[in-house]
Every structure is written in C-alpha cells, then in structure tokens.
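Given next are the chains, with one letter for each unit.
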Amino acid sequence: MLDSREDKKNNFKKAGSIVSLCIFLLLVAVISVLSVNYRRTVRVISYDTAGINVIHADEPGDYRWFFDNLDVRFFGEGKQLFYISGWAVKEYVDSDDVKLSIVLKDEESSEYFLVPTYNGYRPDVSHMTDDEYDYDISGFSLHTRGDGVLKINEHSYRVCILYDTADGSELVETGEILQKR
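Analysis parameters
- Residues numbered from 1 in each chain as written.
- Predicted model: local features only at pLDDT ≥ 70, side-chain atom pairs only at ≥ 80, totals over all residues.
- Heavy atoms only, no water.
- Helix = DSSP H or I, 4+ residues; strand = E, 2+ residues; numbered from the N terminus.
- Buried < 20%, exposed > 50% of the residue type's maximum accessible area, 1.4 Å probe, protein only.
- Contact = heavy atoms within 4.5 Å.
- Areas by Shrake-Rupley, 256 points an atom, 1.4 Å probe, with all protein chains shown as cover.
- Core = buried A, V, L, I, M, F, W, Y, C linked by side-chain atoms within 4.5 Å.
- Pairing = 2+ DSSP bridges.
- Patch = residues over 30% accessible without salt bridge, like charges linked within 9 Å, V, L, I, M, F, W, Y side chains within 5 Å.
- Salt bridge = Lys/Arg side-chain N within 4 Å of Asp/Glu carboxyl O.
- Lys, Arg positive; Asp, Glu negative; His and termini not counted.
- Charge placed at Lys NZ, Arg CZ, Asp CG, Glu CD.
- Polar contact = N/O pair within 3.5 Å; in protein donor to acceptor, adjacent residues only side chain to side chain.
- Axes fitted to C-alpha atoms, helices over the stretch in contact; angles between N-to-C directions.

### Describing the overall build of the protein chain
The number of helices and strands found in the protein chain is two helices and 10 strands. In the protein chain, buried positions account for 33% of the 181 residues. Counting only contacts in the protein chain whose residues sit at least 6 apart along the sequence, the fraction spanning at least 24 positions is 65%. Summed over all atoms, the accessible surface of the protein chain reaches about 11400 Å², with 55% contributed by carbon and sulfur.

### Digging into the nonpolar core
Judged by nonpolar contacts, the single largest core of 24 residues is most densely connected at F82, I84, I102, L104, F140, L150 and L178. The set of elements that each furnish at least two residues to this core consists of β3 (63-75), β4 (79-90), β5 (99-106), β6 (112-115), β8 (139-144), β9 (157-165) and β10 (168-178). Tallying contributions element by element places β9 first for this core, with four residues. Ranked by size, the runner-up nonpolar core spans eight residues in total, among them I52, C160, L162 and L171.

### Remarks on the pairing of β8
In this sheet, β8 lies alongside β4 in antiparallel orientation, the contact comprising six bridges. Its bridge partner lying in β8, Y83 is registered against H143. Note: strand β7 (residues 118-120) against β8, three bridges, orientation antiparallel. Paired with Y118 across the bridge in β8 is S141.

### What to know about a positive patch on the surface
Residues R5, K8, K9 and K13 make up a contiguous surface patch of positive charge. As for its position among the elements, R5 is in helix α1 (residues 2-39).

### Describing the side chain of T117
In this fold, T117 is placed in the loop between β6 and β7. Overall, the relative accessible area of 5% leaves T117 in the buried class. Within polar-contact distance, the side chain of T117 engages the backbone nitrogen of I102 at 2.9 Å. Residues contacting T117, with those up to four places away along its chain left out, are K99, L100, S101, I102, F140, S141 and L142.

### A closer look at the sheet that holds strand β1 (residues 45-47)
Pairing is mixed in the open sheet, where six strands are placed in the order β1-β6-β5-β9-β10-β2. The sheet terminates laterally at β1 and β2 (53-55), the two strands that pair on one side only. Strand-to-strand twist in this sheet, taken as the mean axis angle between neighbours without regard to direction, amounts to 35°. Direction of pairing for β5 relative to β6: antiparallel, over a ladder of four bridges. Directly across from I102, in β6, lies its bridge partner V115.

### Side note on the sheet that holds β3
The four strands are arranged β3-β4-β8-β7 in an open sheet whose pairing can be described as antiparallel. Only two strands of the sheet have a single neighbouring strand rather than two, namely β3 and β7. Recorded for the sheet is a direction-independent mean angle of 15° between the axes of neighbouring strands.

Here it is as structure tokens:
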C-alpha cells in the first residue's frame, strides 16, 4: 500500500515535470518566432517607374492618405531604422484587391526605392467615409533598417505610395519628405 502511494507521487511529479517542460519549450518556440519576425529586414530594391502613372501631391485626384508614423531612428554607428505606417485609398474603389507599398524617391539622384510594405486592416477608414465602398484593408506599415541602400544621414527621400491593382499601378507622391540628418 505504501509503495503504491509513493509510486503515485513519483508518477505525479514526473507528469508535472513533463508538462512544465512542454510549456517551457512552447514559450521558447513562440519567443524565437517573434524575435525572428521582429528582426527581419525588408529588402529595399531600386524601382523603375517607367510606364507607371505618377500622381503628384498637389493634384491627388481620388487618392487619400494619412501617415500615422513617419520616422527614422538612429542606433549604433551609421545604423538607421525606418518606421512608416498609415492608410491610403483611392475613393470609390474597394481596397480588397489593392496592394500598397512605400516607394522612396532620393531627392538628389531622383532614384526610386521600393520598400515592400505590410498591408493591414483599418476599419476606421471605411467609417470615416460616407460612401458604400469598403476601405477596411487600406492600412500599411513597414519597419526596416534600409538594407544599407537607404542612407538618411546623407540623402533626403520623398515618400510615395505605390497603388497596385489588377488594372495596373499608380505611384502617388505624398509631399512628405524624410529629411537627411
């Protein structure tokens, strides 16, 4: 009888240890995945605008946008981190099949750089309008080190929004500028 109680205690301790180990391993896996995604650098590439309609900020037509965040932070020697987020829509066009990307235009060389951007859910944008169109997927955000291609300490960049649909692409110059520091 005594052995049976001791066996049950030992089995309970073993089961508790196994459960604790599983929880610990699960936490390590989640933290690893999150840290890899946080540190991932979005690849910045040179972008050719030939054949793409460019919409200028002083005549935006049906395009509307807002930046929640437009910032560059510096850390370490010569290292930079770009933070850009907000929303963009073309009025009277549902946002379901639209891909938004940020394109930065070097003010000195006039070279364009595509910064792939995460598109996000922004139901607040649909609520701001009084039409029946769905602008819920109009959000965008990016966090990137610039891949060493962008050098904000030497150049200023004009912020543009690339609006891709099945019907084609348009590049909207927003009038916003990331100033060199």
